[in-house]
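Observations on the three-dimensional arrangement
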Amino acid sequence: MSTTQNEKCNGKHFTWSKPMSHMLLEILAEEALKENKPSSTFRAESFGKVATEISQKFNVQCEPKHVDNHLKTVKKEWGIITKLKNKSGFGWDDCLKMITVSKDVYDEEVNE
């Protein structure tokens, strides 16, 4: 099986590329609209659907546990981004999709 550096499975660790992450979020958004998210998490079938579609599209062996783990990582990263952009002196550049901050505010934050 031929894979790129970003789309391989090393033993038990599955590496996500940006296109894979994007697809995961698109599919889970669709699943939420279909009410396949009855609580704070998705149904197992939703994770299975994502794993199957990513495996087929990117020619990798993605499993539901990889989907669940990656969603936890995305949620954690989003929490950090939300916390930072709500701090005084921090902003958000919608074109670049990234946090903005002056050097002075950054230096002050890092040295706290």
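Overview of the structure. Note that this is a predicted model, so its numbers are computed, not measured.

Points about the nonpolar core
By size, the foremost hydrophobic cluster in this structure holds 17 residues, and its most contacted members are Trp16, Leu24, Ile54, Cys62 and Val67. Contributing elements (two or more residues each) for this core: helix 1 (18–33), helix 2 (44–58) and helix 3 (64–85).

As for the environment of cysteine 62
Inspection of the secondary structure assignment puts cysteine 62 in the loop between helix 2 and helix 3. The spacing of cysteine 62 and threonine 52 is 10 residues in sequence and 7.0 Å in space, taken between C-alpha atoms. With sequence-adjacent residues up to four places away left out, cysteine 62 is seen in contact with Phe14, Trp16, Ala51, Ile54, Ser55 and Val67.

What to know about the pattern of salt bridges
Tallied over the entire structure, the rule returns seven salt bridges. Between lysine 34 and glutamate 31 there is a salt bridge, with the nearest N and O atoms lying 3.7 Å from each other. Residue classification places lysine 34 among the partly exposed positions, given a relative accessible area of 49%. Given the relative accessible area of 5%, glutamate 31 is considered buried. Where lysine 103 meets aspartate 107, a salt bridge forms, and the shortest distance between an N and an O atom there is 2.8 Å. Remark: aspartate 107 and lysine 103 occur in helix 4 (residues 103–110); sequence separation between them is four residues, near one turn of the helix. Using a relative accessible area of 60% as the deciding quantity, one classes lysine 103 as exposed. A relative accessible area of 27% places aspartate 107 in the partly exposed class. Overlapping salt bridges bring together Glu31, Lys34 and Lys49 as one network.

Calculation criteria
- Residues numbered from 1 in each chain as written.
- Predicted model: local features only at pLDDT ≥ 70, side-chain atom pairs only at ≥ 80, totals over all residues.
- Heavy atoms only, no water.
- Core = buried A, V, L, I, M, F, W, Y, C linked by side-chain atoms within 4.5 Å.
- Buried < 20%, exposed > 50% of the residue type's maximum accessible area, 1.4 Å probe, protein only.
- Helix = DSSP H or I, 4+ residues; strand = E, 2+ residues; numbered from the N terminus.
- Contact = heavy atoms within 4.5 Å.
- Salt bridge = Lys/Arg side-chain N within 4 Å of Asp/Glu carboxyl O.

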